[in-house]
Structures are given as structure tokens and as C-alpha cells.
Amino acid sequence: MSTFQRARRRLRAHPFALDAALAAGVLVCIVAGSLVEPHGPDGVTWALRTPDALSLVLMVLGAAALVLRRRAPLAVLAFTGGVSLVESVTGDPRAPVAMCVVVALYTVASATDRPTTWRVGLLTMTVLTGAAMIAGPLPWYAQENLAILAWTGIGATAGDAVRSRRAFVQAIRERAERAERTREEEARRRVAEERLRIARDLHDVVAHHIALVNVQAGVAAHVMDKRPDQAKEALAHVREASRSALGELRATVGLLRQSGDPEAPTEPAPGLDRLDDLAGTFRNAGLRVLVAREDQRPDHAPALPAAVDLAAYRVVQEALTNVQKHAGAEARAEVSVVRVGPHLEITVLDDGTGTGRREAPDGTGTGTGTDTDTDTGNGKGGGHGLLGMRERVTALRGTLTTGPRYGGGFRVHAILPVEAHTSAAQDGP
């Protein structure tokens with residue numbers, strides 16, 4: 001920080017001292033100006049003359065009033081205007097007391113709004129200039145009278161310019177602070193959304209694989225004594241499901257690593273390209289699953305966005321997990337993935353007779369507005385499966401409908417927009 005900046009900051013910290021120094025400087029300038037003889041034989045000359053006692057008193061009073069210019073700007077302007085008015089009528093030769101008015105008018109213009117500046121400035125210029133022209137000792141067209149008009153106008157204009165610049169700088173500062181707050185709020189919102197997404201992924205992974213492990217472990221325990229070969233096969237499926245669960249958990253939890261950690265998840269998020277593998281894990285657990293796909297895109301159609309691909313996979317995974325847990329041992333599931341124009345439709349049907357499901361509280365069974373979760377098999381609800389599905393679909397501006405089927409079973413139907421997210425990704429930065 002330079003010496004000038006330090007001195008400026010120190011003066012701003014003591015405004016009364018600054019105003020006192022300004023008043024002293026104005027007084028020196030006025031006294032010096034009173035020694036000038038503008039109408040000498042050789043033009044403007046310096047004359048060592050003693051000002052009149054009244055002029056000297058008026059100069060001291062006008063300059064002293066400037067000490068209070070920040071505390072009462074209008075009162076100081078009125079006082080200095082009165083002092084200058086008396087001087088302009090009685091002084092001969094005239095002392096430049098109007099300089100105090102110029103400083104006071106500058107202070108008023110810099111501290112108030114523009115309409116007030118216009119009204120006060122015009123009134124001050126009119127009164128002082130008119131009084132000097134009409135009642136002063138000099139002719140009305142004298143340059144001293146016109147100088148009063150010019151200098152008061154300059155003071156008002158300079159003060160208004162300073163006020164405008166100060167308001168402009170303040171607006172820029174407020175805009176910057178508001179932008180900073182907006183960035184912080186956006187960052188917090190993104191963090192919350194990322195946490196919610198990771199929580200959904202963890203729930204989907206754990207619910208799916210633990211359900212498979214539970215079923216296969218039950219099968220192994222049931223046939224361990226009589227059919228050890230089948231028990232060994234079931235335990236192999238348990239090992240495979242647990243290994244897959246650990247891999248997906250490692251990839252998901254890896255998103256929580258800090259930027260300085262040595263490793264980062266490299267496994268891509270699952271999508272519909274792994275749908276057959278997903279159905280195979282349920283078939284190995286004893287669930288009969290039929291998969292029908294007509295989501296192949298033509299050459300000119302865009303590929304599925306990653307968010308839509310992941311959401312479609314998770315919807316099918318959670319729906320089949322619920323079928324495995326609640327539909328009964330003889331249940332059969334049908335998965336349909338169809339791409340219709342700008343939308344991707346996912347339908348999961350089952351014909352199970354399990355009792356661990358319930359309709360939405362409004363009796364409609366639709367997944368809009370109320371939780372129709374079926375993650376618990378005790379008839380009390382309280383899980384997060386369908387809620388997680390709904391949040392995933394709603395986040396992509398899609399729709400989810402869930403509920404019992406006529407004649408038995410359950411239906412999950414999701415519609416995910418494709419083209420809107422593709423165009424948004426292409427238009428992004």
C-alpha cells in the first residue's frame with residue numbers, strides 16, 4: 001500500500017479532521033483572493049490591502065461552517081449562502097466568499113438525490129446571482145456576477161457526478177456480492193443433489209444384491225443335506241452376487257473420494273447395455289424374467305444420455321428386486337423397454353400374489369405425489385424403493401406410475417424424456 005493510499009484511508013477514518021482541514025484551506029484561498037485587484041490599471045494585479053472588518057468576519061464564518069458540512073449539509077448551504085449574499089451586496093471590492101457556497105453545494109449534491117440537487121442548485125444560483133446583479137456595487141453584466149453563476153453550477157455538477165459514481169460502484173459491489181452468494185447457494189444445491197444421487201445408487205445396489213443373496217442363501221440352506229450339488233450352485237450365485245455388490249459399492253463410494261486421493265472410480269455407471277446380465281442374476285435366483293426390448297435407435301437418432309440410461313437401469317433393477325422380495329415364489333416378471341419418439345418407456349409387470357404390497361394412500365396406485373413403496377414385506381411400507389425410483393424419474397422430468405394390476409400382480413411404468421436431455425447436453429458449455 002502506497003503512502004498516498006495510507007494517508008487517504010487515515011483521513012477517511014477521521015472525517016471531522018478532514019473537514020476542518022478543508023475549511024482552513026478554503027479560508028486561506030478566500031483571504032488570498034481578497035487581496036486581488038481585478039480592475040487595476042494593468043488588469044488583474046495583487047494589492048496589499050486590508051479587507052473590511054465585515055468581509056473578514058463573513059469569510060471566517062463561511063469557512064468555519066464547512067466543518068459541519070457532512071453532518072448538516074443543507075443547513076451549512078443555507079448559512080454559507082446567506083453569508084455570501086451579504087458579502088455580494090455590501091462588499092466593495094467584493095471578497096470571494098461564494099467559494100464556501102460552492103463547497104457546500106457540492107456536499108449537498110454528493111449526499112442527496114438528483115431532484116434535490118437540481119432544486120437546491122437552481123435556487124442557490126438564482127438567488128446569489130440575482131442579488132449580485134441587482135443590489136451589488138458592480139454592473140449587472142460584470143464578470144464577478146457571472147462567475148457566481150458558473151462556480152455554483154460547477155459545484156452542483158461535480159457533486160452530482162461524484163454521487164452517481166459512488167452509486168455505480170456500490171451497485172457493482174452489491175451485484176458481485178449477490179453473484180458470490182448465488183454461486184455458493186448453487187454449489188450447496190449441487191452437493192445436496194449429488195449426495196441424494198449417491199444415496200439412491202447405494203440403496204439400489206444394496207437392495208438388489210442383498211435380496212439375491214438372501215434368496216440364494218435360503219435355497220442353499222434348504223437343500224444342503226439332500227442336494228449338496230444344488231446347494232453348491234446356490235452358494236456360487238451368492239458369491240457372485242456379493243462380488244458384484246462389492247464392485248458397485250466400491251465404484252459408488254469412490255465418488256466420495258477427495259481430489260487428492262490416489263485412486264478414482266473408473267468403472268462406468270451401469271446402463272441398459274447390462275440389462276441382460278441384470279435379468280440373468282434374477283433368473284439365477286429362481287425368478288422367471290422375460291425381457292423385450294425395442295429401444296434400438298435409428299442412425300439419425302441421438303444416443304441415450306448417461307443420466308437417462310442409468311435411471312432406466314435402476315428402475316428395472318428396483319422393480320425386479322421388489323418382485324423377487326414380494327411377489328411370491330411362483331411369480332413371473334416381464335420387462336419391456338421401448339423407445340417411442342422422444343421418450344423411453346420402461347414397463348415391469350408381474351403376476352405375483354404376494355401380500356407385502358399396498359396401494360397409494362389415495363387408492364389410485366399411481367406413483368405421483370405419494371409413496372407406494374414396496375420394499376418391506378410386512379405390509380407396513382416404509383421402504384425407499386419406489387420413492388427412489390420416483391425421485392430419479394422426476395429429476396429427469398419424466399413420469400412414474402406404479403400400482404397393482406387388475407387380476408393380480410403389480411405394474412411399474414416409467415416414461416423418460418430422451419431428446420430434451422440430449423439437446424440440453426449439446427447446447428451446454
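Right above here is the structure, for reference.
These numbers were taken from a predicted model, which means no experiment stands behind them. (Residues numbered from 1 in each chain as written. Predicted model: local features only at pLDDT ≥ 70, side-chain atom pairs only at ≥ 80, totals over all residues. Heavy atoms only, no water.)

Colleague: For this particular structure, what's the right way to read the overall build of the protein chain?
Modeller: Along the backbone of the protein chain there are 12 helices and seven strands. By the burial criterion, 38% of the 429 residues in the protein chain qualify as buried. Taking contacts inside the protein chain between residues at least 6 apart in sequence as the whole, the part at least 24 apart equals 63%. Looking at the protein chain as shown, the accessible area adds up to about 24500 Å², and 60% of this sits on carbon and sulfur atoms. (Helix = DSSP H or I, 4+ residues; strand = E, 2+ residues; numbered from the N terminus. Buried < 20%, exposed > 50% of the residue type's maximum accessible area, 1.4 Å probe, protein only. Contact = heavy atoms within 4.5 Å. Areas by Shrake-Rupley, 256 points an atom, 1.4 Å probe, with all protein chains shown as cover.)

Colleague: It is not clear to me how the pairing of strand β6 (residues 399–404) should be interpreted in this structure. Could you clarify?
Modeller: Every regular strand shows the same layout, with side chains that alternate between the two sheet faces. Where β6 lies against strand β7 (residues 410–417), six bridges are found, and the strand directions are antiparallel. In the strand pairing of β7, threonine 399 is matched with isoleucine 415. Hairpin geometry of β6 and β7 is characterised by an intervening segment of five residues between the two adjacent antiparallel strands and by a positive phi of about 95° at glycine 407. (Pairing = 2+ DSSP bridges.)

Colleague: Would you mind going over the sheet that holds strand β3 (residues 288–294) with me for this structure?
Modeller: The strands that make up a sheet pair up through hydrogen bonds in the backbone, lying either parallel or antiparallel. Taken in spatial order, the five strands line up as β3-β4-β5-β7-β6 in an open sheet, and their pairing is mixed. On the outer flanks of this sheet lie β3 and β6, each paired with one strand and no other. Going across the sheet, the axis of each strand differs from the next one's by a mean of 10°, ignoring polarity. Against the sheet, helix α10 (residues 306–326) touches β3, β4 (332–340), β5 (343–350) and β7, its axis set at about 10° to β5. (Axes fitted to C-alpha atoms, helices over the stretch in contact; angles between N-to-C directions.)

Colleague: Would you mind going over the packing of helix α5 (residues 98–111) against helix α6 (residues 114–135) with me for this structure?
Modeller: The description of two packed helices rests on the angle between their axes and on the distance between the axes. One can describe the packing of α5 onto α6 by two numbers: an axis separation of 9 Å at closest approach and a directional angle of 165°. As far as their axial angle goes, α6 and α5 are roughly antiparallel. In this structure, the crossing between α5 and α6 has a hand that is right-handed. For the pair α5 and α6, the contacting residues are Val101, Leu105, Val108 and Ala109 in the first and Thr117, Val120, Gly121, Thr124 and Leu128 in the second. (Parallel < 35°, antiparallel > 145°, perpendicular 65-115°, else oblique. Left-handed = near helix turned anticlockwise from the far one by under 90°.)

Colleague: Is there a simple way to think about the pattern of salt bridges in this case?
Modeller: Any two side chains of opposite charge can pair, so long as their charged atoms come close to each other. Across all of its chains, the model carries five salt bridges by this definition. As a salt-bridge pair, glutamate 180 and arginine 183 come within 2.4 Å of each other at their nearest N and O atoms. Here glutamate 180 pairs with arginine 183, and both are found in helix α7 (residues 143–223), just three residues apart, close to one helical turn. The class for glutamate 180 is partly exposed, based on a relative accessible area of 36%. When the shortest N-O distance is used, the salt bridge between glutamate 186 and arginine 189 registers 2.4 Å. Taken together, the residues glutamate 186 and arginine 189, both in helix α7 and three residues apart, mark about one turn of the helix. Salt bridges sharing partners connect three or more residues here, namely Arg114, Asp160 and Arg163. (Salt bridge = Lys/Arg side-chain N within 4 Å of Asp/Glu carboxyl O.)

Colleague: What is the right way to look at the nonpolar core in this model?
Modeller: Note on soluble globular proteins: their nonpolar side chains tend to be buried together. By size, the foremost hydrophobic cluster in this structure holds 34 residues, and its most contacted members are Leu320, Leu344, Ile346, Val412 and Leu416. The biggest single contributor to this core is α10, with nine residues. In contact with leucine 320, other than residues within four places in its own chain, are Phe282, Leu287, Val289, Ala333, Val335 and Val348. Among the nonpolar cores identified, the runner-up in size contains 25 residues, and Val26, Ala63, Val101 and Val103 belong to it. (Core = buried A, V, L, I, M, F, W, Y, C linked by side-chain atoms within 4.5 Å.)

Colleague: How should the side chain of aspartate 160 be read in this particular structure?
Modeller: In this fold, aspartate 160 is placed in helix α7. Among the polar contacts made by the side chain of aspartate 160, one reaches the side chain of arginine 163 at a distance of 2.9 Å. Not counting chain neighbours up to four residues away, the residues in contact with aspartate 160 comprise Ala109, Arg114 and Thr117. (Polar contact = N/O pair within 3.5 Å; in protein donor to acceptor, adjacent residues only side chain to side chain.)

Colleague: I would appreciate a short explanation of unusual backbone geometry in the present structure.
Modeller: The bulk of non-glycine residues show a negative phi, and the bulk of peptide bonds are trans. One non-glycine residue, arginine 397, lies in the positive phi region at around 65°. One can find arginine 397 in the loop between α11 (385–395) and β6. Residue arginine 397 is classed as exposed on the basis of its relative accessible area of 76%.

Colleague: Looking at this structure, how should I read the pairing of β7?
Modeller: With six of eight residues buried, β7 lies mostly within the body of the structure. Sheet analysis places β5 next to β7, joined by eight bridges and oriented antiparallel. Looking across to β7, one finds that valine 348 is bridged to valine 412.

Colleague: Any chance you could explain the packing of helix α2 (residues 15–34) against α5 here in plain terms?
Modeller: Packing of α2 against α5 brings their axes to within 9 Å, and their N-to-C directions diverge by 150°. The angle between α2 and α5 falls in the class roughly antiparallel. Relative to α5, α2 is oriented so that their crossing is right-handed. Across the interface between the two elements, Leu22, Val26, Cys29 and Ile30 from α2 touch Met99, Cys100 and Val103 from α5.

Colleague: I would appreciate a short explanation of α2 in the present structure.
Modeller: Count 3.6 residues to each turn of an α-helix, and residues three or four apart come out pointing the same way. Over its 20 residues, α2 extends 28 Å from the first C-alpha to the last, a length consistent with the 28 Å expected when each residue adds 1.5 Å. Inspection of α2 places Asp19, Ala23, Val26, Ile30 and Ser34 among the buried residues, and these make up the whole buried set. Angular distribution of buried residues about the axis of α2 spans 70°; they occupy a single face of the element. (Expected span 1.5 Å × (residues − 1). Arc of directions from axis to C-beta.)

Colleague: Any chance you could explain the environment of arginine 293 here in plain terms?
Modeller: If you trace the backbone, arginine 293 turns up in strand β3. Considered as a pair, arginine 293 and isoleucine 346 are 53 residues apart in the sequence and their alpha carbons are 9.5 Å apart. Setting aside residues no more than four positions away along its own chain, arginine 293 makes contact with Leu272, Leu275 and Val337. Reaching out from arginine 293, the side chain makes a polar contact with the backbone oxygen of leucine 272 at a distance of 3.0 Å.

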